[in-house]
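Residue strings, one per chain:
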Amino acid sequence: MNTPLQPDSPPDSPFDFARQRLIVALDVPTTDAALALADRLGDQCQWFKVGLELYISAGPAIVEKLVGRGHSVFLDLKLHDIPNTVAAAVRSTASLGAGMLTIHAAGGPAMLAAAREAASAMASPPELLAVTVLTSMDQPQLSATGLDRSPQDQATLLAKMGLEAGIRGFVCSPHEAAALRALTGPSGVLVTPGIRPTGADRGDQQRIATPTFALDQGASYLVVGRPITQAPDPAIAAEAVLLEIAEALAIAPTE
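Now for a look at the structure at hand. (Residues numbered from 1 in each chain as written. Predicted model: local features only at pLDDT ≥ 70, side-chain atom pairs only at ≥ 80, totals over all residues. Heavy atoms only, no water.)

## Description of the nonpolar core
Worth spelling out the cut-off: Buried Ala, Val, Leu, Ile, Met, Phe, Trp, Tyr and Cys residues form a nonpolar core when they are joined through side-chain atoms within 4.5 Å. Exposed residues in this analysis have more than 50% of their type's maximum accessible area, buried residues have under 20%, and partly exposed residues fall in between, with area computed by a 1.4 Å probe over protein chains only. Two residues qualify as a contact provided that any one of their heavy atoms is within 4.5 Å of a heavy atom in the partner residue.
Leu22, Leu41, Ile62, Leu75, Val90 and Ile228 are the most contacted members of the largest nonpolar core, which totals 71 residues. In contact with Ile228, not counting residues within four places along its chain, are Leu22, Val24, Leu41, Pro234, Ala237, Ala238 and Val241. Membership of the second largest hydrophobic core comes to twelve residues, among which are Val171, Val189, Val191 and Tyr221.

See below:
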């Protein structure tokens with residue numbers, strides 16, 4: 001697939017370059033709400049995240065509708081099951097047109113390899129992203145599950161396993177991005193949720209960071225939800241995030 005970091009042609013402006021880095025999370029319960037947000041943000045945002053809430057409510061058709069409107073879709077289903085089931089689920093996304101699809105790295109090397117093999121047989125596969133450690137998980141949360149590693153150590157272990165299984169994309173918090181970038185090199189795709197513009201509320205996220213910090217650590221894409229979608233004017237909020245991204249990339253924003 002052609003990712004925003006590997007476009008067919010260079011961006012027209014610094015603002016467009018920043019636009020290629022932002023994924024807006026459509027964490028809403030209905031098709032109508034999702035499409036209304038996407039339409040409202042269409043001038044600012046190219047990428048939208050469809051997660052479990054929206055996918056279960058609206059079904060696969062929501063992905064097709066967003067793609068039909070010219071948007072790119074990050075399908076965040078965090079697939080985690082036996083290898084055969086995950087491979088079948090990956091194949092089931094073939095006709096939807098999603099640009100990226102998440103699977104859980106904790107499913108193990110056989111599951112990751114099965115997902116990769118299923119994607120490699122597709123004509124236009126989504127970029128598979130292995131989720132490492134959820135941004136809602138801090139050290140006490142990890143310890144409660146029986147894992148004594150730090151979030152960074154656990155994310156690094158899972159990323160190494162993913163790379164050995166042929167996965168080149170990962171979801172991690174901004175605080176693990178530098179360690180994973182060192183593992184993947186420049187070709188790796190790192191998607192970082194838990195992004196909060198300066199002054200924004202952390203919500204239920206634990207390992208959060210600003211766009212500036214995440215990009216400095218090596219993030220490829222930044223996922224932003226509530227600071228944009230729950231703002232009084234989502235379009236103005238999205239533009240502010242884009243300007244912060246442009247500044248973080250040391251590019252002078254333009255109109």
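The discussion continues.
## A short note on the pairing of strand 2 (residues 47-50)
To keep it simple, the criterion reads: For helices the rule is a DSSP run of H or I covering at least 4 residues; for strands it is a run of E covering at least 2, with both sets numbered from the N terminus onward. Only strands that DSSP links by at least two bridges are regarded as paired with each other. The handedness rule is simple: strands pointing away from the viewer, and a clockwise path from the first strand over the helix to the second, make the crossover right-handed.
Burial along strand 2 is two-sided: the residues Trp47 and Lys49 and Phe48 and Val50 are all buried. Of the strand pairs in this sheet, strand 1 (residues 22-25) and strand 2 are connected by three bridges, and their pairing is parallel. If you follow Ala25 over to strand 2, its bridge partner there is Lys49. Each parallel crossover has a hand, and the one from strand 1 via helix 2 (residues 31-41) to strand 2 is right-handed. Relative to strand 3 (residues 72-79), strand 2 is paired through four bridges, and the arrangement is parallel. Counterpart to Trp47 in the pairing with strand 3 is Ser72.

## Some points on the sheet that holds strand 7 (residues 189-192)
Filter applied, for reference: Axis definition: a line fitted to C-alpha atoms, over the contacting stretch in the case of helices. Angles run 0 to 180 degrees between N-to-C directions.
Taken together, eight strands build a closed barrel; the order of strands is 1-2-3-4-5-6-7-8 and the barrel is parallel. Across the sheet, the axes of successive neighbouring strands diverge by a mean angle of 25 degrees, strand direction being ignored. Where strand 6 (residues 169-171) meets strand 7, three bridges bridge the pair, whose relative direction is parallel. By the bridge assignment, Val171 is partnered in strand 7 with Val191.

## Some words on the packing of helix 5 (residues 83-92) against helix 6 (residues 109-120)
Put simply, the rule reads: Angles are sorted into four bins: roughly parallel if under 35 degrees, roughly antiparallel if over 145, roughly perpendicular if 65 to 115, and oblique for all others. When the near helix sits turned anticlockwise from the far one by under a right angle, the crossing is termed left-handed; a clockwise turn instead gives a right-handed crossing. Gly falls in the polar group here, along with every residue not listed as nonpolar (Ala, Val, Leu, Ile, Met, Phe, Trp, Tyr, Cys, Pro) or charged (Asp, Glu, Lys, Arg).
The geometry of helix 5 relative to helix 6 is characterised by a closest axis approach of 8 Å and an angle of 30 degrees between their N-to-C directions. The orientation of helix 5 with respect to helix 6, classified from their angle, is roughly parallel. Taken as a pair, helix 5 and helix 6 cross one another with a handedness that is right-handed. Two secondary-structure elements touch here, helix 5 through Pro83, Val86, Ala87, Val90 and Arg91 and helix 6 through Ala110, Met111, Ala114, Ala115, Ala118 and Ala119. Grouping the constituent residues of the contact of helix 5 with helix 6 by class yields ten nonpolar, no polar and one charged.

Structural measurements only, silent on function.
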